[in-house]
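Reading the structure
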Amino acid sequence: MNTAESLETQQPQQAEMIRVQDLHAFYGESHILHGVDFNVKRGELVTLLGRNGAGRSTTLKSIMNMVGRRTGSIMINGNETLHMKPHHIPRLGIGYCPEERGIFASLDVHENLLLPPTVRSDGMSLDDIYAMFPNLYERRRSPGTRLSGGEQQMLAMARILRTGARILLLDEITEGLAPVIVQKLAEVLTQLKERGMTIVLVEQNFRFAAPLADRHFVMDHGQIVEEISAADLPSRREHLNSMLGV
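Okay, so let's go over this structure. Because the structure is predicted, anything quoted here is derived from the model rather than measured. (Residues numbered from 1 in each chain as written. Predicted model: local features only at pLDDT ≥ 70, side-chain atom pairs only at ≥ 80, totals over all residues. Heavy atoms only, no water.)

This brings us to the sheet that holds strand β5 (residues 79-80). Pairing is antiparallel across the open sheet formed by 4 strands, whose spatial order is β2-β1-β4-β5. Looking at the sheet topology across the chains shown, the edges are occupied by β2 (30-41) and β5. Bridge count between strand β1 (residues 16-27) and strand β4 (residues 69-76): 7 bridges; the pairing is antiparallel. Residue pairing across strands places Q21 opposite S73, the latter belonging to β4. (Pairing = 2+ DSSP bridges. Helix = DSSP H or I, 4+ residues; strand = E, 2+ residues; numbered from the N terminus.)

So this is what it looks like as structure tokens:
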């Protein structure tokens, strides 16, 4: 491969899928985010780390325009979205999995998976979903109320993948789950990365997140105070643990 071809193949991988600049977010009179800056390249998995109340979940909600007011700049796949209506943002190929999951309890697993609208043409098929989440195939006729916490989390993620989203915002997906389910979710995230998806992960379980992420952004008091690459993590782990109070 010559140099020109090499640059051509590398260039798309370096494309920025998310760029957040000087982001401030407000709930009523409460000023939660104070000038957040970070970017995520295509195919990267990055984490937002920090203690409770640092602003990690609010950052995800701000990207989706689910807060009271925001200022600054939020570019998604090259589009400025600061003044975009919330229901238009997913059409840019971005999906958000909130901490509360939002499963329709009266519907079974299969019906939940048939609900999401198509935002892009390359959403995962039901066969693909069931291959990635065998538990959901086994429980496909079970109502949402009968699912375990881990199965609900898998279903919440699977619904986003059905839409065709290529950028995933995942909020505390391992909280309260058994270790065997946490391990399964790690395998799923690895598969999604291999498919070229871009992932922003808010996660309290650093042991889960550390081996998966390309970069870690540490938040404190509504700001990103540090960026640590996967390569630098071993030498910075003790420092990071003290910041996170681990």
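Tracing the sequence through the fold places Q21 in strand β1. Considering only alpha carbons, one finds Q21 and P86, 65 residues apart in sequence, at a separation of 19 Å. Every residue in contact with Q21, bar those within four places of it in the chain, is listed here: V36, D37, G72 and S73. (Contact = heavy atoms within 4.5 Å.)

This part covers unusual backbone geometry. Here N77, not a glycine, exhibits a phi torsion of approximately 50°, which is positive. Secondary-structure assignment places N77 in the loop between β4 and β5. The exposure class assigned to N77 is partly exposed, which follows from its relative accessible area of 32%. Phi is positive for H221, which is not a glycine, with a value near 50°. Among the structural elements, H221 can be located in the loop between β9 (215-220) and β10 (223-229). Overall, H221 belongs to the exposed group, its relative accessible area being 63%. (Buried < 20%, exposed > 50% of the residue type's maximum accessible area, 1.4 Å probe, protein only.)

Once that is clear, we can look at the pattern of salt bridges. Enumeration according to the criterion identifies 8 salt bridges in this entry. Notably, a salt bridge pairs E44 with R215, separated by 2.7 Å at the nearest N-O pair. Of this pair, E44 sits in the loop between β2 and β3 (45-49) while R215 is found in strand β9, placing the two residues 171 residues apart along the sequence. Residues E44 and R215 agree in their burial class; the two are buried. Residue D108 is joined to R141 by a salt bridge in which the shortest nitrogen-to-oxygen separation is 3.6 Å. Of the two residues, D108 sits in the loop between β6 (94-97) and α3 (109-114) while R141 sits in the loop between α5 (134-138) and α6 (149-163), which places them 33 residues apart along the sequence. Judged by relative accessible area, which is 56%, R141 ranks as exposed. (Salt bridge = Lys/Arg side-chain N within 4 Å of Asp/Glu carboxyl O.)

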